[in-house]
Each structure stands twice: as structure tokens, then as C-alpha cells.
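Working through the structure, step by step
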Amino acid sequence: MEIDAPVVADGPELYRITRDSGVLDVNSSYAYLLWCRDFSQTSAVARVDGAVVGFVTGFIRPDAPDTIVVWQIAVDASQRGGGVAGKLLNHLLDRVQGRGVRFLETTITPDNAASIKLFSALARDRAAEINSSELFTADLFPDSHLGEDLYRIGPLDAA
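Rules behind the numbers
- Each chain has its residues counted from 1, following the order in which its sequence is written.
- Confidence filtering applies because this is a predicted model: local features only for residues at pLDDT of at least 70, side-chain atom pairs given and counted only at 80 or more, and all residues used for totals across whole chains, interfaces and linings.
- Remark: hydrogens and water are excluded; side-chain values derive from all non-hydrogen atoms of the structure.
- UniProt positions are given in the numbering used here, feature names are shortened, and annotations may be inferred rather than shown by experiment.
- In this description a helix means any DSSP run of H or I spanning at least four residues, a strand means any run of E spanning at least two, and both kinds are numbered starting from the N terminus.
- The size measure is the radius of gyration over C-alpha atoms, and the globule rule it meets is 2.2 Å times the number of residues to the 0.38 power.
- Exposure is judged per residue with a 1.4 Å probe applied to protein chains only, and the accessible area is read against the type maximum: over 50% gives exposed, under 20% gives buried, and values in between give partly exposed.
- In what follows, a contact means two residues having at least one pair of non-hydrogen atoms within 4.5 Å.
- Every accessible area reported is derived by Shrake-Rupley at a probe size of 1.4 Å, with residue values counting cover from the shown protein chains alone.
- Pairing of aromatic side chains here covers Phe, Tyr and the six-membered ring of Trp, requires ring centres within 6.5 Å, and sorts the geometry by plane angle: under 30 degrees stacked, over 60 edge-to-face, intermediate tilted.

Going by the annotation in an unreviewed UniProt entry, the name recorded for the protein chain is L-2,4-diaminobutyric acid acetyltransferase, with Saccharopolyspora karakumensis given as the source organism. UniProt lists a comment for the protein chain under the heading Sequence similarities (unreviewed entry), and it reads "Belongs to the acetyltransferase family. EctA subfamily." Comment text from UniProt for the protein chain, heading Pathway (unreviewed entry), reads "Amine and polyamine biosynthesis; ectoine biosynthesis; L-ectoine from L-aspartate 4-semialdehyde: step 2/3."

If you want it as C-alpha cells, here you go:
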């Protein structure tokens, strides 16, 4: 498996993996193309034999340049359970820490035990604190979306 920054041509695969997950919020296909172009340095894709099998998208918070926000992380069904998500997160953190990033933030719905476990393991493995708090309550969403809790990990030291 190889992990590197996404390129625009990866956008359709990010869309497909998200759609096929059955649990992630699916953005427009256009959004994934833009993400691969404009946020490639704060995102990563995992490839097996050249095919995208997982990704993490993120951005540096404009008002907190020491913080990367992980927007989405997903792994193709064929690769789940093999540690791909953890490898993607570690790769991404290793890349952005040179830019002064010391904290990671992400939001997780309270029912997403797999993501809570993933980010808790990341914090443990990096000997960093992890804190959670309510960020967006369900009543803020115009649809049936659950509330989103903010998970903040850090400060991070190089692995």
C-alpha cells in the first residue's frame, strides 16, 4: 500500500468510497474534485496497485493554524479492518506537523463507535490528550442529522 496526497483524478474514487460506505455524509462529486485540488496538502489517499482504497480529507483551520480538521475518512469495503484508516491519519499528521500543526480536530456523531475508537487509538498511540464536547446539536441541522461532537487531540509530538 502507498499513501500520498490526492490528485484531481482521485475525486471520483473519493466520492464512490464515501457513497458506498452507507454511513458517511456524501458531498457532491464536484466537492471531491475541489477537495483533491485545493486541499491536497492536508489530505491523503491510500492506493493498492494504483487504485484508491481509502482517503482522509482535512484542512488547516484559518483561525487556528496549529490545528488540522479531519473532514472525512473512509476506507473501501475491500480493505476495512486492515488498519488503513490509522495509517492514513498517521501519514497525514506526519506531513502537516512540519507546518506547525500540534492539534487535530474532528467531529463524530455519538453513535459512531468505530470513529471514536479510531481517534482514541490515534491519541493513545501519539501520547496525546483527547477531549470531546458537544459542537453542533441535532436541532441545528435542517434534516434528520444527529448532533456532532467535537474531538480535539493534542498537543501532538512527532511520532
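Read on, since the account is not over.
**Some words on the overall build of the protein chain**
Scanning the protein chain for helices and strands turns up four helices and seven strands. Walking the protein chain from its N terminus toward its C terminus, one meets helices and strands in the order β-α-α-β-β-β-α-β-α-β-β. Expected size for 159 residues packed as a compact globule is a radius of gyration near 15 Å; at 15 Å, the protein chain falls within 12% of this value. Referenced to the eigenvectors of the C-alpha coordinate spread, the extents of the protein chain come out at roughly 40 × 40 × 30 Å. Burial status across the protein chain gives 41% buried among its 159 residues. Relative to all contacts within the protein chain whose residues are 6 or more apart in sequence, the contacts with residues 24 or more apart total 62%. Summed over all atoms, the accessible surface of the protein chain reaches about 8400 Å², with 54% contributed by carbon and sulfur.

**Structural notes on the packing of aromatic side chains**
Enumeration according to the criterion identifies six aromatic pairs in this entry. Consider the rings of Tyr15 and Tyr32, whose centres lie 6.0 Å apart with planes at 70°: the pair is edge-to-face. Remark: Tyr32 occurs in helix α2 (residues 29-38) and Tyr15 occurs in helix α1 (residues 11-21); sequence separation between them is 17 residues. Using a relative accessible area of 3% as the deciding quantity, one classes Tyr32 as buried. Between Trp35 and Phe59, the ring centres sit 6.4 Å apart and the planes meet at 65°, which makes this aromatic pair edge-to-face. Pair noted here: Trp35 is in helix α2 and Phe59 is in strand β3 (residues 51-61), with a separation of 24 residues, a long-range link. By relative accessible area, Phe59 is classed as partly exposed at 21%. In textbook terms, an aromatic cluster arises when at least three aromatic residues are bridged by ring pairs, as seen for Trp35, Phe39, Phe59 and Trp71.

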